[in-house]
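Fold and contact review
Below are the chains, spelled out letter by letter.
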Amino acid sequence: MERKINNTTLLNFSKGKYSYNTYLQVKEWFCDFHENKELETLSLDQWNELNNLSQDHNDSLNYLFEKVEFDIWPGEKKETPKIKLWNYYRQIAAILLIPVLAFSIWHYYFASDNALVTPAQTFQSWVEINAPEGARVEFFLPDSSIGWLNSGSKLKYPIVFSENRTVELTGEAWFNVKHLDASEFVVSVPDMDIKVLGTQFNVTAYSDDDFTAVALERGEVEVNGKTEVFNQIIVPNEKICFNRNKKSVVLSEVDAARFSAWKEGYLIIDNEPLGEVVNRLERWYNVGIKIQDETLKRYRFKATFRDEPLEEVLKLIAKTTPIIYNIDERSTDNNGVLIQKTVTMKLKN
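A short tour of the structure in this document, coming up. (Residues numbered from 1 in each chain as written. Predicted model: local features only at pLDDT ≥ 70, side-chain atom pairs only at ≥ 80, totals over all residues. Heavy atoms only, no water.)

**Examining the overall build of the chain**
A tally of regular secondary structure across the chain gives 8 helices and 18 strands. When the 349 residues of the chain are sorted by exposure, 38% land in the buried category. Carbon together with sulfur atoms contributes 50% to the accessible area of the chain, which is approximately 20,900 Å² in total. (Helix = DSSP H or I, 4+ residues; strand = E, 2+ residues; numbered from the N terminus. Buried < 20%, exposed > 50% of the residue type's maximum accessible area, 1.4 Å probe, protein only. Areas by Shrake-Rupley, 256 points an atom, 1.4 Å probe, with all protein chains shown as cover.)

**Some words on helix 8 (residues 310-320)**
For helix 8, the complete set of buried residues consists of Leu-310, Val-313, Leu-314 and Ile-317. All buried residues of helix 8 fall inside an arc of 95° around its axis, so they share one side. Contact partners of the buried residues in helix 8: helix 7 (274-285), strand 16 (300-306), strand 17 (323-327) and strand 18 (342-347). (Arc of directions from axis to C-beta. Contact = heavy atoms within 4.5 Å.)

**Examining the packing of aromatic side chains**
Taken as a whole and assessed by the stated rule, the structure comprises 5 aromatic pairs. Ring geometry for Phe-161 versus Phe-185: centroids 6.4 Å apart, planes at 70°, classification edge-to-face. Of this pair, Phe-161 sits in the loop between strand 4 (153-158) and strand 5 (165-176) while Phe-185 sits in strand 6 (residues 185-188); the two residues are 24 residues apart in sequence, bridging distant segments of the chain. Like Phe-161, the residue Phe-185 is buried in the burial classification. Between the aromatic rings of Phe-175 and Phe-201, the centroid separation amounts to 5.3 Å while the plane-to-plane angle is 20°, which identifies the pairing as stacked. On the criterion of sequence distance, the pair formed by Phe-175 in strand 5 and Phe-201 in strand 8 (residues 200-205) is long-range, its members being 26 residues apart. One exposure class covers both Phe-175 and Phe-201, and it is buried. (Phe/Tyr/Trp six-rings, centres within 6.5 Å; stacked < 30°, edge-to-face > 60°.)

**Regarding unusual backbone geometry**
Despite not being glycine, Lys-247 has its phi angle at roughly 55°, a positive value. Positionally, Lys-247 belongs in the loop between strand 12 (238-243) and strand 13 (248-253). Of note, Asn-271 is a non-glycine position whose phi angle comes to about 55°, a positive value. Residue position: Asn-271 is located in strand 14 (residues 266-273).

Now the structure itself:
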């Protein structure tokens, strides 16, 4: 990347007046500041201009507060056209950038030689998205990749992606990853890392399940084990499943679209034992389910629901299995907070 940085560029950057390309140039420039003598001169000039700016306002930051107040409440100060909320944020961000830049320069010139900060030591800010029990959440990532979080899931990702894009998942999510040349996209879950370039796939990695699974709809992904050593490349309509208890890996051919149908409101039970179905029902409907007979956990079910209430699902299960169930009425605890609804299942006598 060409570095066309001068004092004017640096000053405009501190005021929030810059393009995305300029941002990348300045970022790269500061990453190797310890080898860049030009930065020393321009940074000192910038520092002096900041000091002069502060002196011009009677060595006080009150004018900054008044400027922010004036811009946020224009109706009380003057008549002006409506300004988009984004402009407010840009103005405030430009003001807040001044002390940050000043501190960076101070740290470079006055901190000890042993305390120089390298790019690897810089802090990275992360965003965390949570999908509450009984809800599904759509998300958009900084690289324009998109996806959905299933009930009871959590996704963490950096505000700004580095060369290789990494996100951390707990629970279940569907990803539609944007392809970027020479930039890997990695979904990190406790049992494995899923590497992709551009694809659509579903990942299931709930902590209370005994398995982690990846089902691929489009593209190609590479799965690398973390708790156990394994490596597998999967292609569309293949599913890889790692069983934590058995320490086993199974690769199978599937209709991958069925595993992501939950984002469209479908609850698909595909010949699964009740012991596994219960975990999904608890997350889907935000309820607690107790099975009083171990035998019931081995009964298998096959059904498809779309946005059906819990009672309808339980009725169908009761029609195909010799069980009876009871739904406890919701009550409140000592603090007046509603207690989670509970369902009790047991075999018919």
